[in-house]
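Descriptive structure summary
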Amino acid sequence: MISRPYDEIKHLLESYLKKEFSIKSDLIWSKPPSAGLGDISFPLFNIAKELKIRPNELGDKIISEINFPDSIKEVNLQGGFLNLAFNKSVFVTKVLQTILEQTKYGQNSSMNSERIIVEHTSSNPTGPLHIGNFRGSVLGDVLGRLFSFLGAAVNVRYYVNDLGRQIAPLVIGYFLLKEMEFEIIEKGDLLLGKVYASMFTFLEIQQLKQKLAILGWKSKDSVSLYSLDGTDLKTIQDFLNVLPRENKEKDNTYQWYTKLARVQKSLIERIPEVYEKLNKLTTSRIENLENLTNQYVKSYQEGKDKLIVERFREVTKMALDGHVETLNLFKIYHDDFDWESDVAWSGEVQIMLDELEDKKYLRHDGQARLLRNDTIAEELGYKAKYLVSYEIPDSIIINSEGITLYPCRDIVYHLHKLEKFNASLCYNVIAKMQQLPQLAVRLALYGLGSADTADRIHHFDYEYVSLIGRKMAGREFDYVTPDELFVLAQEEIKTIIEERNYSEEEQQKIAQKIAASSIKYHILKMDPQKAVAFDIKKAVDPNENSGAFLQYSYARALSILSKSSKQDIDVQKILELSKDEKLILEKQAEWELVKLMEELPSILIKAAKSLRPDSVANFTYSLAAAFHKFYDACPVLKAENPELIKSRILIVVSTIKCLESLFEVMGIESLEKM
RNA sequence: GGUCCCGUAGCUCAGCUGGAUAGAGCGUUUGCCUCCUAAGCAAAUGGUCGUGCGUUCGAAUCGCAUCGGGAUCGCCA
């Protein structure tokens, strides 16, 4: 439990009011709008109302009857607000001593009893991470770091989605290239992204052509099944144009066709080497990509064909390695990786389905099976517990061909997820899009008699990220990756460092650390609930972006200390004597900075409680800004007198400690100079 | 149509378990390096907090309605 000057004064007033009037209303405190009104303020309206007296009357009574401690310098009453001004010297001395005596300021044990799993990223292994899923990585990382800083045992997991249908064409395509000894000159996951976009397009073109054939379109034998060549484009267009208007298929098919034509064109332009090579290989070597895809999926789901298993694992591992490499650039780490295929091969999916079936929680539609979400929620008290008053739609979990869909594995996975870490809580950091499937998983657990487990699993959702003016599309190889942002940011930063006198090596190191923090901060600072239109230029611009601003405040603070010895100022000695020292303050900038530092522990606790990792970033910004103002307004080493030098040195050291704690929580690296 | 999320300055966003005069950055305009790193600081500019009604002594914050944007709603994940 942290005791704050604000709380102490509140307790004082509260106990007086309880003793004297036995009030029931809560005493609330707030900060006055301007510094002239004091530092802490108590609106007396609700209590005055309870006591049926005027607020100012109550205020007068409080002022005349309470003996305020020496931490309070001034008390006044204004328009129903009781305003108190702290004795700055007492306040500052206490705050700085608290900061200095702790190893890590703000660290505490408020979450000591929790064991928490944070699952994040869990991106499809069909290409590199893009800024959309990377947003989840950043949020998950900081959430985990925050819990951990507050004493929780944290376990960060990555769920590897290696079983989806979408992987099969990728595996097929990758091995076509591999057999041709295609030279890989880029990061593995990036190449896979290209292969995936290409193969998926081929597959879709094949499906489109089959659909058109059913409608009556006649293709030429000579052309590839997997591409739309000039003749195709013409005959398909003509064909669709003469289809009767009322034919409802026409619209959809036409849209599909134009989309594929556009995607094909764009891929030929942007990734010609991979696209054309694969097109040739696929055309010549694969008779029916769709059939082969289905075979691959089925075979891998069964897990018995050794060659297929090896191939899927190799490709998935390659993508995963790329993801890990990207995450490591930003100091984001996972403790464990859970493979969807392992869940599938455990045999538990069938057991789970049988149980749901027995309990009549599955709805049949042909071979397809749907989870009766609403029925479960109604019967097992979920709706009552979480105050759900609307009808929850059913979720399809087995398709009409009898193939189990991803939610099946997810249900089994979550059935045992907590056990993996003996966890008391689990946060799945997953895009908001998934909120229905995530709800379905929890409802399935209710249906399976594991309501207690379900109640401990939370969906930490975040909104998607788009690019300004367009959407990202993995299937079209159209996205922005953290990798490329990292490179762009480094370049921008280097143009600034070049003016300074650093070695090549130092420059590189500095640019990397700033690039990582800038991008991370840029993504972190935004409310997870807000959809983001990502602006590459802003994310990468060191002047616009504040990641550098934060690190700069730290570097400046450190620089003061490193210069102190030249002025015959012994920082170590000042620190040793700080316990008995009464500090003095002169400027508003000092006061604002110390007040912010005082808030740090409660900010962290609030951020964890309200699940707002972004608030840590925004608070750090305020603190850094306050330090920059202090830096400008208050010379430290050249302060007017030794007492002031001492006080300011302690402020600087305290700021450093604050920033170190905050950087640790955000996973941002500090720099001694920049 | 059902459900969820968002709407605050020209732009990007803080502030939301109700508190007094709504804050930053970018942009535009102007100052500050003989002084601890100018990736900084100071100042000016800029807002009927989408709209309406309600609750309240008090609403950007809570409730209802409404408009606008986005996501999602059985066979991809």
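In this text, all values refer to a predicted model and were calculated from it rather than measured experimentally. (Residues numbered from 1 in each chain as written. Chains lettered and ligands numbered in written order. Predicted model: local features only at pLDDT ≥ 70, side-chain atom pairs only at ≥ 80, totals over all residues. Heavy atoms only, no water.)

1. Focus: empty space enclosed by the protein
Take a probe with the size of a water molecule and roll it over the atoms, and the empty space left behind shows itself. A complete count under the given rule lists three cavities of 30 Å³ or more for this structure. Counted as a void, the largest cavity has a volume near 60 Å³. Classifying every residue of the lining of the largest cavity by side-chain character gives three nonpolar, two polar and four charged. No fewer than three residues from each of domain 2 (87-102 + 546-674) and domain 5 (481-543) sit in the lining of the largest cavity. (1 Å grid on protein atoms, 1.4 Å probe; cavity = no way out; pocket = protein on both sides within 12 Å on 5 of 7 lines; lining within 4 Å. Points joined across faces, edges and corners; volume = space filled by probe spheres on them. Nonpolar A, V, L, I, M, F, W, Y, C, P; charged D, E, K, R; others polar. Domains from an automatic or database assignment.)

2. Comments concerning the domain arrangement of chain A
Looking at chain A, the domain boundaries give domain 1 (5-86), domain 2 (87-102 + 546-674), domain 3 (115-162 + 331-467), domain 4 (167-311) and domain 5 (481-543). Here domain 1 and domain 3 have C-alpha centroids that lie 48 Å from each other.

3. Re the layout of surface pockets
Volume-wise, the largest pocket comes out at about 1500 Å³. Where the lining of the largest pocket is concerned, the elements lending two or more residues are α5 (131-149), α7 (188-215), α11 (289-302), α17 (406-417), β10 (425-431) and β12 (465-467). Among the elements that make up the lining of the largest pocket, the one with the highest residue count is α17 (five residues). Of the residues belonging to the lining of the largest pocket, the class tally is 20 nonpolar, 22 polar and seven charged. Formed jointly, the lining of the largest pocket draws a minimum of three residues from each of two domains, domain 3 (115-162 + 331-467) and domain 4 (167-311). (Helix = DSSP H or I, 4+ residues; strand = E, 2+ residues; numbered from the N terminus.)

4. Examining the sheet that holds β10
Taking strand neighbours across the sheet as the criterion, the five strands line up as β6-β5-β4-β10-β11 in an open arrangement whose pairing is parallel. Where the open sheet ends on each side, the last strands, each with one partner, are β6 (336-339) and β11 (457-462). Looking at each pair of strands side by side, their axes are set apart by 25° on average, direction ignored. By the bridge criterion, four bridges tie strand β5 (residues 153-160) to β6 in an arrangement that is parallel. Paired with Y159 across the bridge in β6 is D338. Packing of helix α12 (residues 306-329) onto the sheet brings it into contact with β5 and β6, and relative to β6 it is tilted by some 150°. (Pairing = 2+ DSSP bridges. Axes fitted to C-alpha atoms, helices over the stretch in contact; angles between N-to-C directions. Contact = heavy atoms within 4.5 Å.)

5. Considerations on the packing of aromatic side chains
Scanning the entire structure with this criterion turns up 26 aromatic pairs. Among the aromatic residues, those joined into a ring-pair cluster are Y6, W29, F86, F91 and W591. The aromatic ring of Y631 is capped on one face by R556, whose charged end is 3.9 Å from the ring centroid. (Phe/Tyr/Trp six-rings, centres within 6.5 Å; stacked < 30°, edge-to-face > 60°. Lys NZ or Arg CZ within 6 Å of the ring centre and 35° of its normal.)

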